[in-house]
Each structure stands twice: as structure tokens, then as C-alpha cells.
Amino acid sequence: MRGHDSSVFSISVHASGKYAITTSSDTAQLWDLDTFQRKRKLNIRQSVGIQKVFFLPLSNTIISCFKDNSIFAWECDTLFCKYQLPAPPESSSISYKVFAVTRDGRILAAGGKSNHLHLWCLEATQLFRIIQMPTKVRAIRHLEFLPDSFDAGSNQVLGVLSQDGIMRFVNIQTCKLLFEIGSLDEGISSSVISPHGRYIASIMENGSLNIYSVQALTQEINKPPPPLMKVIENFPKNKQSSVGLKMKVTSGRVQQPAKSRESKIQTRLLKQDPTGYFESKENELSDGLNKKRLQILLKGYGEYPTKYRMFIWRSLLQLPENHTAFSSLIDKGTHLAFLNLQKKYPIKSRKLLRVLQRTLSALAHWSAIFSDTPYLPLLAFPFVKLFQNNQLICFEVIATLIINWCQHWFEYFPNPPINILSMIENVLAFHDKELLQHFVNHDITSQLYAWPLLETLFSEVLTREEWLKLFDNVFSNHPSFLLMTVVAYNICSRAPLLNCKLKDDFEYFFHHRNNLDISVVIREVYRLMETTPTDIHPNSMLDAFVALTKGQYPVFNQYPKFIVDYQTQERERIRNDELDYLRERQTVEGMQAEVDQQRAEDESWYQKQELLCKAEETRRAMLLQEEEKMIQQRQRLAAVKRELKMKEIHLQDAARRRFLKLQQDQQEMELRRLDDEIGRKVHMRDQEIATTAKDLEMKQLELELQKRLYEKNLTRNQEVVAKEMQKDADAYRRKVDLEENMFHKLIETDQTQIQQTQKVIKENIAKAEQACLNNDWKIQTLHKQQCDDLQRNKCYQEVAKLLQENRRKETEVLNAMLEEEAKKWKEAEEKEFYLRSEKKAAARSDASRKWFLNQEIGAAVEHAKNPYNKEAPKFPNEEVASGCLLRTSQLDDISEMDPSAHISLNRRTTDWDTTGQDLIKKVRNLRQRLTAQARHRCQTPGLLAT
């Protein structure tokens, strides 16, 4: 579909979808979408450009507008010009750029580089209304009517997108501004309305796409009038009398009694609750809300209604709305710590950046520590984005959050709150020791798995809706709820956390969104709040909720003041040093600028001198060139003189030849005159001869006429004879034709019969061939199936062989296992027998040792009674052999019982050492032989059985 020399900026499709018009700056073309062929082309002069060409809705009319504001209507089928709109008045003439037509095609709206709108009635072909937009509008970029299902196509609301990025919707009949979308900070680039008029899609200048609900935008316009009667129930009789509740109702509006400062009457239907007035005051909130009832509602639905969330938050936090105090903080201007906030936190929306900068500056002016808190922008940004249209509420929400939910955060400033993180770690250790041990094994501290969630208030890991749902619960509970939320988030994410091994993976997990249901986390928080022991519960370590004071904000000094003062002094010193450096640098730069200026002046003087020398040389060269040119011109003048002399000679010669030619021409003219006279006489003679010849021709014609009359009579007689002969010939020809027709019919009948017979034979042959092909195909299929069956049989046989081989091997393995099992049982029995024999030998050794000790103790006692008896006892061989097993520790025990026995025992032991060395060797050899025999018996099953 090529055909445009310049870019196409408009495409309009007919309602039937059959035709389309493409428009460029120099031409418009009508296309047939069924064949994709060009039907017609609109050509114009180059001086008049095309603005737009489009179809009217639900009609065959084409509207074309040119850059000179001329508008024509054409018939789609014939391309006949139906009408032309008259020129608009000069007082409100605008350069048309954008157009819009109602659904019924009766009204055309046009706008351009002006704040005026022209409304044309296409049926009457005249301008019936000029609408002047507000003074802020300087140019109109887009027009579109807002469809309505109940106006039969005569749309009454026109959307006007102006150069400031705001789209205003105006009623073209009443000329009232109904509503507008977009703002100066978030301007609209382009916009389109859905066919049913329910939604408006707008592409913003920052690249985002906004979808607006027309029903929500027009809710204030279309809302029904307030009811004429409202029911007000009384407070308890001791608090409010019934006289003050009387209301005078008139038609049109509701009149209410004057409200006293002591009590506010709620103009809504309330159920009487005699016990509700005596509830705890800490559960009673401003605006008539009850905290316990809100908590019950929150546990039932999981979140507060979106429509009333901000109202409930303000009531829960009990915001004082100190306008004067907040204004004094704002009037102090932007704090020095946040002058270059956009460099560290680049935000696309200038309005949002400005609100964030003002809020952080107000917090820094309120308390000095906030100017040095690095995570304050991360903590405040979600609330700034949520309350960007009400900076007072935003500031007070953040201040209330810091005072209550950020308790003890600044005690270890500038380090993270170790005390708060310790509380979280204690709770996590109680509820999930495995996860905490996993953190410890990989050197992950609470500054990595808890502090990123706290300093950003979960804004990095949750979506907007999840974050709002979470803080519905945070603001409705004790300040310890936020710390429990950190523990619950880790516990609910234990599966992916246990799979993390690297520190970078943990950092990524706690700084990005994860696939986690916030409702599960909130339920886990409530479970932790109920099941955590009191000694480690943060509830016992954090104070209860305290609202901001009215009038003036409370002093916030819960931080190490000397650190902040030291940092402030250091920052001031650095700033002063920087100012001194800048002043010195400015002085040096000034001196450098003067030196550079002097150098530049010197260079310019030298350049001028060089230019003067070059100019002098150039002029000398020019003088030499001029002298050479003068010499050349003199040479050319001499040559011209010679040429002129030669021309003069040639002219004289030409004049002479011209005179001779003139004489010759005169003589030739005289000869031509004589020739003409002779010719005239000859011509007269020829005319006389021609006249005589014509008379002879007339006589000859008369003779020819008489001859034709005779021939005509003869011809008539011949025609009669010829007609009779023609009749006979026609009759003969008809007879011959009849016979030939009969003969041809006979031939055709035979040929038809032959063709039918051939057709039947061909059909039978084709059927036979098809049957042959089918049978061949079936035979081939049967062969293939047989081949497949043979292959399957081979496979089955191979599998059967493999199974048999596997069974054989399994049988061998089982037999080997049974044999091994029998061997193991035999070995176990042998080892058990050997164990019993060893136990018996150990028992005998213990008995002999005990007997030896008893004998030694008795000898020692006897020796103590009779120390002068020098006769040595006589030990049997077994006693001597057992005595060698006595250890030093046993001797010590005996000496402790009786010191005198120690001396005697030492003496006896010495005597035994000198006389029993051979016996010791014999005992050792005997033991070795017994051990070898026992091993041999364990290794020989036959001996063991014997």
C-alpha cells in the first residue's frame, strides 16, 4: 500500500471497515481494504497543506480540513463535494489542528493554537458556538467527546487536552467544567476514551500509563441529593438532654442544630450500646471510632476499606494537626543535609521529590539527629508517596511512627539499633532455632536479615497493596507488632532462606520482592504475639502508644547527643574548610583568569601584526597582478584595432558586390515579365480549346442516356427469368439441407452413444484402478504389520532371554548370599564361644588377683603385729604369678590403710622380685600358648564343634 511521499500522520477507517483514508502533509488517499488497492487520491497545491481527512461516524461523508482553515465535505462513493463550511469570523480565527465529531455526526469541534473552541453544526453548515477555555490554556493538543449510552449519540461532554498536560472535560451546552485529569507535575501526553465511555486511558509525560474510571470522576456530579430526614440517637440521659436534638427540616436541604464544642453529634444511624460508653478510654479514638472494634473488623477482613483507610489511620494515630508548628518548621527552608537529595535519590516526579525534601527538612529541623540519619529517606518515602497531597499529615504520621514504632532505634547511633535487633534474634531463636542456626553457620547477622526490613519498613519487599494491608495491622496494635513482623517474615520465608548459601543471595532476598503471601505473614505475627514468652517478648521492653501533643510537637532527644553534636561540629568544620578552599580557589582562578586574559591580549596583538604583514604582502602581489592585467589589456586593444581595420575592408568589398547583384536582379526581373506575358497568351488559347471539348462531352452524355434506357428494358426481362430460376434453386437447396441435417443427426446419435459407452467404460476402469490401489495399499499395510509383528517377536524373545539370564544370575546371587549368611552365622557362633572363654579366663584372673591381695594384706597385718619375724613366706607358683599384676596404685591404697604395712609390703615385694623373675617369664609364655590355641580353635569349625 505504498503511495505517500511523506510520513502518514492520520488513518481513518469507514464504519463498515471497507474503506480507509490515509493522510500525509501533501496528499490524502482513499483505499479499498478488501483488495488493498488505491481508489482515489486527493491532490492539492503545495502552498496549501492538508491538516486532516477523516470519515464522519456512521455515514458516508468525508471531512477534509486544510491548513488555511477551509473545511469540505465529500460523498464517499462519488467523491462529490456536498458542502463547504464558511470561514470563521476574523475576531476568533484560529489555526485548526485537532478535531472531534459527536457519535451522531452532527457537531464538529475544532481547536488549535488558541484557547478558543469552535463548534460547527454540520446539518446547518454554520458555526453555532465559540467556547473560551481558561486563561491557562494557550493551545489545544487533543479533542475527544465522552460517549454516553443514553444520549443517542449526541455527546454533550468534550475532553480538551491542552499544552499544560491537563485534560479538562467541558459540557458544550452549559459550558461548565465538569472535571479534569492530570496535573502540572504529572502531565498527560496523549489520551483515549473507551467506546462505552467508562474508562480513560492516558499516557503520562513520565512514561506511565494511567487508567481513569469515568464513574469515579463523575461521582460528585451525579450523586443524589442528601436525604431530607436523618435519625440521631441520644447519648445517655446523664450526658445529653433530648431538647438539643430537635431539627427543623425544610424542603431542599437539611438544617442541623448548632454543634457545641463539648460534644459532636454524629449524623448517622447508630445502634444503642449501653456498655459502650463505659469502655476503656484508651480504646476510644477521635471521630467516634473504637480501637477494639476496629481490631475486630481488621481480623475479620484482613485490611481496612480503601475508601476509609486514611481516615482510620489518622484516628488510630491520633494526629493533632498542628498547622502552626508545622508551618514554622517548613518556613525554616530546606535543610543543608537534603539540599542535594536528588543526586542520591533520583525521582522522576519533581513534585514527589519536592515533598520528600520538605518532609525530611521538617524532620531535621524538629530533631537534629534526623539530619544525620542515612536511612530516613527510605523510611519516609512510602508515607510521602501516600500523603503527597497533604504534607502536614505526612509529617505527623512519620513523627508518630518514629516516636512509637522506632523506640530505642537511636541509642547506638550511628550504628544500627543492636538492642532492637537482639530482641528480634531472641524471638527468632525461640520459635525457629534451625533457621537461626542456618544464619549463624553462614555468618549472617541480624543486621542483614532484620535491619533492611526495618529501615525500609518493608517497602522494598512488598507491593503497594501488601504494604498498606501490613500497616493497617501495625497501626492497630502495640509497637512491638512491627518487630514481630520481621520475625514472621523470616519464618514464612524459611524454605528459600535455608537454600541460600552465599551472602549476596541473602542480601538480594531482603532487598527485593519475594513470592510470599502477606496474609500468611500477618497471621504468623498474631501467633507470635500470643505464643512468645513474656521474658523475651518485645511488648515488655517497649512503651505503649503515645500520640503527638497538640499545639507543639514533643521534644525528641532519645539519642546520644554528644555523637550528633560531634558530627554536627565536624560537618561544620568541614563546611568551613570547604568554604575557605573555595575562596582560595576563587582567588587563584581570578589570578589565573587575569593571566589568561593578558596572554590572550598578547596573542591577539601578535596575530594582528602578522595579519598586517600578510595584508601588505597581499597588496604588493595585487599591484603586480594589476600591472600585468594592464599590459594584457593594451595587447587586446591593439588586436581589436587590427580586427576593426579588417572588418572595414570586408565591408567595402561587400558593398561593391551588393551593387553588382542589384543590377543583375533588375535584368532578371525584366526577363520574368516577358515570360509572364507569353504565358498569359498561351493560357487564353487553352481556355478556348477546353470550352469546345465541353460541348462535345455534352453530346456524348445524351447518347449515353439513350443507351441506358434500352439496357434498362432488357434488364427487367432478365430479372423475371432470374427470379423463377432462383425459386427452383432455393427449393433444391432446402431439400439438400434437410437431407444433410438428417444425416448429421444420425452421425451425432451414434457419436453420443459411443461417448456414453466410453464414459461408462472409463468410470469402470477408474473404479477398478482405485480398487487395485486400495488392495495394494492394504497389502502393503498388512506386510508392514507382519514386519512389525516379526520385530516384536524378536524383541520379546530377546527380552525373555534377558529375563531368564537375570533369573539365573539372581539365583546365583541368592545362593551366594545364603552361603555368606551361613558363614557369618558360623563366625558369630565361634566369636561368641571365644568371648565366653575369654570371660572365664578373665574371671579366673580376677579371682586369683583378689586371693593374692587378701593374702598380701593378711601378711602385712601379721608383719605389723610381729615386725621381727624375718622368715619369708612361701608362695606357690600361682600366687607368685598373680602377684606380678599388682600395680603401684594398689600399693598406694594399701599404704593409705596402714603406713606400717607399706614398709613391710615394699620389703616383701623386693624379695619376690629377686626370686620370681623366671616364674614371670613362664607365666607369659603360658598365656601366649593359650591365646594361640584359642585363635586356632576359632578358625577351625571342626574343633569348635568338638
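What counts, and at which threshold
Residues numbered from 1 in each chain as written. Predicted model: local features only at pLDDT ≥ 70, side-chain atom pairs only at ≥ 80, totals over all residues. Heavy atoms only, no water. Core = buried A, V, L, I, M, F, W, Y, C linked by side-chain atoms within 4.5 Å. Buried < 20%, exposed > 50% of the residue type's maximum accessible area, 1.4 Å probe, protein only. Helix = DSSP H or I, 4+ residues; strand = E, 2+ residues; numbered from the N terminus. Contact = heavy atoms within 4.5 Å. 1 Å grid on protein atoms, 1.4 Å probe; cavity = no way out; pocket = protein on both sides within 12 Å on 5 of 7 lines; lining within 4 Å. Points joined across faces, edges and corners; volume = space filled by probe spheres on them. Nonpolar A, V, L, I, M, F, W, Y, C, P; charged D, E, K, R; others polar. Phe/Tyr/Trp six-rings, centres within 6.5 Å; stacked < 30°, edge-to-face > 60°. Pairing = 2+ DSSP bridges. Axes fitted to C-alpha atoms, helices over the stretch in contact; angles between N-to-C directions. pLDDT = per-residue confidence, 0-100.

Participant: What exactly am I supposed to notice about the nonpolar core here?
Facilitator: In summary, soluble globular proteins display a tendency toward joint burial of nonpolar side chains. With 102 residues, the main nonpolar core has Trp366, Phe383, Leu454, Phe458, Trp467, Phe471 and Phe475 as its most contacted residues. Broken down by element, this core gets its largest block of residues, 10 residues, from helix H9 (residues 391–404). Contact partners of Leu454, with chain neighbours within four places excluded, come to Trp409, Ile420, Leu421, Ile424, Leu482, Leu483 and Val486.

Participant: So what exactly am I meant to see when it comes to empty space enclosed by the protein here?
Facilitator: Here the idea is plain: a probe the size of a water molecule rolls over the atoms and shows the empty space left. The final tally for this structure, using the stated rule, is two cavities of 30 Å³ or more. Size it by volume and the second largest cavity reaches roughly 30 Å³. Forming the walls of the second largest cavity are Asn404, Trp405, Gln407, Trp409, Ile420, Pro479, Leu483 and Leu542. Here the residues of the lining of the second largest cavity are counted per class, giving six nonpolar, two polar and no charged.

Participant: So what exactly am I meant to see when it comes to the packing of aromatic side chains here?
Facilitator: When we look at a pair of aromatic rings, we describe it by the centre distance and by the angle of the planes. Taken as a whole and judged by the stated rule, the model has 30 aromatic pairs. Ring centres 5.0 Å apart and planes at 85° place the aromatic pair Trp313 and Phe475 in the edge-to-face group. Here the residue Trp313 occupies a position in helix H4 (residues 309–317), and Phe475 occupies one in helix H14 (residues 464–475), the gap between them amounting to 162 residues. By the burial criterion, Trp313 is buried, and Phe475 matches it. Members of the aromatic cluster, each reached through a chain of ring pairs, are Trp313, Phe383, Phe387, Trp405, Trp467, Phe471, Phe475 and Phe545.

Participant: Just to check I follow, could you spell out the sheet that holds strand E14 (residues 157–162) for this structure?
Facilitator: Pairing between sheet strands relies on hydrogen bonds along the backbone, with the strands arranged either parallel or antiparallel. In space, the four strands of this open sheet follow the order E13-E14-E15-E16, with antiparallel pairing throughout. Each edge of the sheet is formed by a strand with only one pairing partner; in this case those strands are strand E13 (140–146) and strand E16 (177–181). Strand-to-strand, the axes of this sheet are offset by a mean angle of 20°, without reference to chain direction. With five bridges connecting them, E14 and strand E15 (residues 167–171) associate as antiparallel partners. Paired with Val157 across the strands is Asn171, a residue of E15.

Participant: What exactly am I supposed to notice about the pairing of strand E17 (residues 188–193) here?
Facilitator: Every other side chain in a regular strand lies on the same face of the sheet, so the side chains alternate between the two faces. Pairing between E17 and strand E18 (residues 199–204): five bridges, direction antiparallel. The partner of Ile193 across the bridge, within E18, is Ile200. A loop of five residues connects E17 with E18, the two strands running antiparallel in sequence, and Gly197 in this loop sits at a positive phi of about 75°.

Participant: I keep staring at the confidence of the model for the chain and nothing clicks. Help me out?
Facilitator: In low-pLDDT segments, the atomic positions of the prediction should not be examined closely. Mean pLDDT over the chain: 79, with 82% of residues reaching 70 or higher. Every residue in residues 233–281 is under pLDDT 50, and counting partners more than four places away or in other chains gives 41 contacts. Note that pLDDT drops below 50 for residues 941–946; the model gives that stretch seven contacts with residues more than four away or on any other chain.

Participant: Before we go on, may I ask you to explain the pairing of strand E11 (residues 116–121) in this structure?
Facilitator: As paired elements, strand E10 (residues 107–112) and E11 share four bridges and run antiparallel to each other. Note on E11: the bridge partner recorded for Ala109 is Leu119. With antiparallel pairing between neighbouring strands as the criterion, E10 and E11 make up a hairpin whose turn holds three residues. Both E11 and strand E12 (residues 126–132) contribute to a ladder of six bridges, which runs antiparallel.

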